[in-house]
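# Examining the three-dimensional arrangement
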Amino acid sequence: MTEKANKKKGDSSKQKEKLSSLPAVDKLLMNPKVGDLVDQYSKKVVTKAVREAISITRERMLSDDEDIDTTEPSLISLIDDWLLRTHKTMLKPVINATGIVLHTNLGRAPLGRDILENVMRVAEGYSNLEYNLEKGERGSRYDHIVKLIKEITTAESSMIVNNNAAAVLLTVDTLSKGKEVIVSRGELVEIGGEFRIPDVIEKSGAKLVEVGTTNRTRLSDYEDAIGPETGMILKVHTSNYRIVGFTEDVSAADLVALAKKYKIPVVEDLGSGCLMDLSRYGLPKEPTVIETVESGVDIVTFSGDKLLGGGQAGFILGKKDIIEKIKGNPLNRALRIDKFTLAAAEATLLIYKDVEIAVKRIPALSMITMPYEKTQARVKRIVRRVNSVPHPGFDVISADDSSQSGGGSFPTVDIPTKVVLIFPLEISSSKLEERLRAQAPPIIARIAQERIIIDPRTITDREIPDLTKGILNALGAV
Ligand SMILES: *Cc1c(COP(=O)(O)O)cnc(C)c1O
């Protein structure tokens, strides 16, 4: 035998001896600490973790020369890590540092604590979702909100479905299947990808009749299009874009007067569904739900998770006889609202009994109306904290910028905001953005001109410690 082969033989027997020092799966499972993990997860899950930890350790022993720790505490820490890494949800909270309040990719409106508490109360056990407690018989899931919506908006009747896209589809399908739907050419909008007004009308089996031009539509254009096949006039709020300049459109009130003459319904898709006038907070005047209902349209639809600030839902408000027809449409069964959303919607609407309270307690509204001074104070806090730890290679300062409300609301409005700017001096800004995204919780920031922008408008006070920790981590300062 050569010297080399001898050495190899010696190595492998040494390795064997080392490997035999690894505890067996059953032995590890008897360790009380592992027993605690079994209580927390399950025997099946933890057994898999134990096998993984042993296998990882074995691999390391075979590939490394260094002494690998094969004691039970070391293996248990591996088991713990593995469980933490693999036994968690993929859908998770992130810190929205973009300043876009109703960020569609980040889940639109965040829900307030009191709203969540109501969802928990209802979801944890059984509820009177479809049970009439007074009569002791079957009830309707829509009954819970009708009175409240009437009180807040004056709407005679109402119901809620999955989202506003469903609300429009269901309404058009109920009122105009096989008939014509008249829409102004200036209102044939697309709202993010799949939702296009012409397609929704086609899907509901109605025929689109376009009137007017992109920038100007008159009442006479509508009147000329009305015929025996007309099922409804649809007015769509052009949420996410603005036509400026030489424009003209017809108010809901004028459309209502015209439609009355021909006995056809007018439906308005409001999109964002603002329940209060936000012009007091420096934002442009948007038509509110109340104004739209009062204009006399037969049906108004809007989203639950845009300016209303609740969960994903589609509100349908209007005349009682039409709402009853919509409820009875078989398509409604496929689009109906679930109990979590209903609980969130009712709790959200309760807050709107007093709009002064709503701007404070509905997170989306309080973020959109947050005064510049508050963003300034937050930025000061974040910058001071981050700059209290050395972070060579990065400059962190405060600057003026603007936030957006998002979700197709106030598309042309820039809300003045103080932001944190991070200049990476040695790495690219996209590399830093990637590092921020890798934090726990992930920090989603904006990049502009090779700088990272952290906008405090969409960050809660509670998130600031995690935010500063994440920033410092990403800057390699911890
Ligand atoms: C956002 C929007 C919709 C779609 O609402 P979802 O709740 O996202 O389904 C439909 N119409 C208009 C005008 C919108 O702004």
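Residues numbered from 1 in each chain as written. Predicted model: local features only at pLDDT ≥ 70, side-chain atom pairs only at ≥ 80, totals over all residues. Heavy atoms only, no water.

With respect to topology, seven strands assemble into an open sheet ordered β5-β13-β12-β11-β10-β6-β9, the strand pairing being mixed. Single-partner strands in this sheet number two, and they are β5 (157–161) and β9 (207–211). The sheet shows a mean angle of 25° between the axes of neighbouring strands, direction not considered. Bridge count for strand β10 (residues 230–236) against strand β11 (residues 266–271) is four bridges, and the pairing is parallel. Each bridged residue has a counterpart across the sheet, and for V236 the counterpart in β11 is D269. (Pairing = 2+ DSSP bridges. Helix = DSSP H or I, 4+ residues; strand = E, 2+ residues; numbered from the N terminus. Axes fitted to C-alpha atoms, helices over the stretch in contact; angles between N-to-C directions.)

What follows concerns the site of the ligand. Surrounding the ligand, one finds 13 residues, the nearest of these being A165, S239, D269, S303 and K306. Within the side chain of R108, an N or O atom sits 3.0 Å from an oxygen atom of the ligand. At a separation of 2.7 Å, an oxygen atom of the ligand approaches a polar side-chain atom of K306. Across the complex, the protein chains shield 94% of the 380 Å² of accessible surface that the ligand would expose by itself. Among the elements of the structure, α8 (164–176) and β11 are those that each provide at least two residues to the shell around the ligand. Broken down by class, the residue content of the shell around the ligand amounts to four nonpolar, six polar and three charged. (Near = heavy atom within 4 Å. Polar contact = N/O pair within 3.5 Å; in protein donor to acceptor, adjacent residues only side chain to side chain. Areas by Shrake-Rupley, 256 points an atom, 1.4 Å probe, with all protein chains shown as cover. Nonpolar A, V, L, I, M, F, W, Y, C, P; charged D, E, K, R; others polar.)

When we look at burial in helix α7 (residues 143–153), the residues that qualify are I145, V146, L148, I149, I152 and T153. Lining the buried residues of α7 we find β5, α12 (289–294), β13 (314–318) and α15 (339–351). T154 occupies a position one or two residues after α7 and carries a positive phi of about 75°. (Buried < 20%, exposed > 50% of the residue type's maximum accessible area, 1.4 Å probe, protein only. Contact = heavy atoms within 4.5 Å.)

The side chains of a regular strand alternate between the sheet's two faces. Burial along strand β18 (residues 451–454) is two-sided: the residues R451 and I453 and I452 and I454 are all buried. Pairing analysis gives three bridges linking strand β15 (residues 415–424) to β18, with the strands arranged antiparallel. Across the sheet, I422 pairs through a bridge with I452, a residue of β18. In the sheet, strand β17 (residues 446–448) pairs with β18 via three bridges, with the strands oriented antiparallel. Residue I447 lies in a different strand from β18, and its bridge partner there is I452. A loop of two residues connects β17 with β18, the two strands running antiparallel in sequence, and Q449 in this loop sits at a positive phi of about 45°.

The next thing to look at is the sheet that holds β17. Strands sit in the order β2-β14-β15-β18-β17 across an open sheet of five strands; the sheet is mixed. Unpaired on one side and paired on the other, β2 (100–102) and β17 mark the two borders of the sheet. For this sheet the average axis-to-axis angle between neighbouring strands, irrespective of direction, equals 40°. Helix α18 (residues 372–387) contacts β14 (394–406) and β15 of the sheet and is inclined by roughly 15° relative to β15.

So, about the packing of helix α3 (residues 32–40) against helix α4 (residues 43–63). Where α3 meets α4, the closest approach of the two axes is 7 Å, and the angle between their N-to-C directions is 135°. Taken together, the axes of α3 and α4 are oblique relative to one another. Handedness of the α3/α4 crossing: right-handed. On α4, the residues touching V34, L37 and V38 of α3 are K43, V46 and V50. Of the residues belonging to the contact of α3 with α4, the class tally is five nonpolar, no polar and one charged. (Parallel < 35°, antiparallel > 145°, perpendicular 65-115°, else oblique. Left-handed = near helix turned anticlockwise from the far one by under 90°.)

Let us now look at the domain arrangement of the chain. Per the domain assignment, the segments making up the chain are domain 1 (13–87), domain 2 (95–102 + 368–474) and domain 3 (111–361). When each unit is reduced to the centre of its C-alpha atoms, the spacing between domain 2 and domain 3 is 35 Å. Taken residue by residue, the interface counts twelve residues in domain 2 and 15 residues in domain 3. Summing both partners gives a buried area of about 1100 Å² for domain 2 against domain 3, and 75% of it is carried by carbon and sulfur. Contact with domain 3 buries surface across domain 2, with T369, F410 and P411 losing the most and accounting together for 46% of the total. Counting the contacts that link domain 2 with domain 3 gives zero salt bridges. Counting the contacts that link domain 2 with domain 3 gives zero residue pairs in polar contact (both at pLDDT 80 or more). Split into classes, the residues belonging to the side of domain 2 that touches domain 3 amount to six nonpolar, five polar and one charged. (Domains from an automatic or database assignment. Buried area = accessible area lost by both parts, 1.4 Å probe. Salt bridge = Lys/Arg side-chain N within 4 Å of Asp/Glu carboxyl O.)

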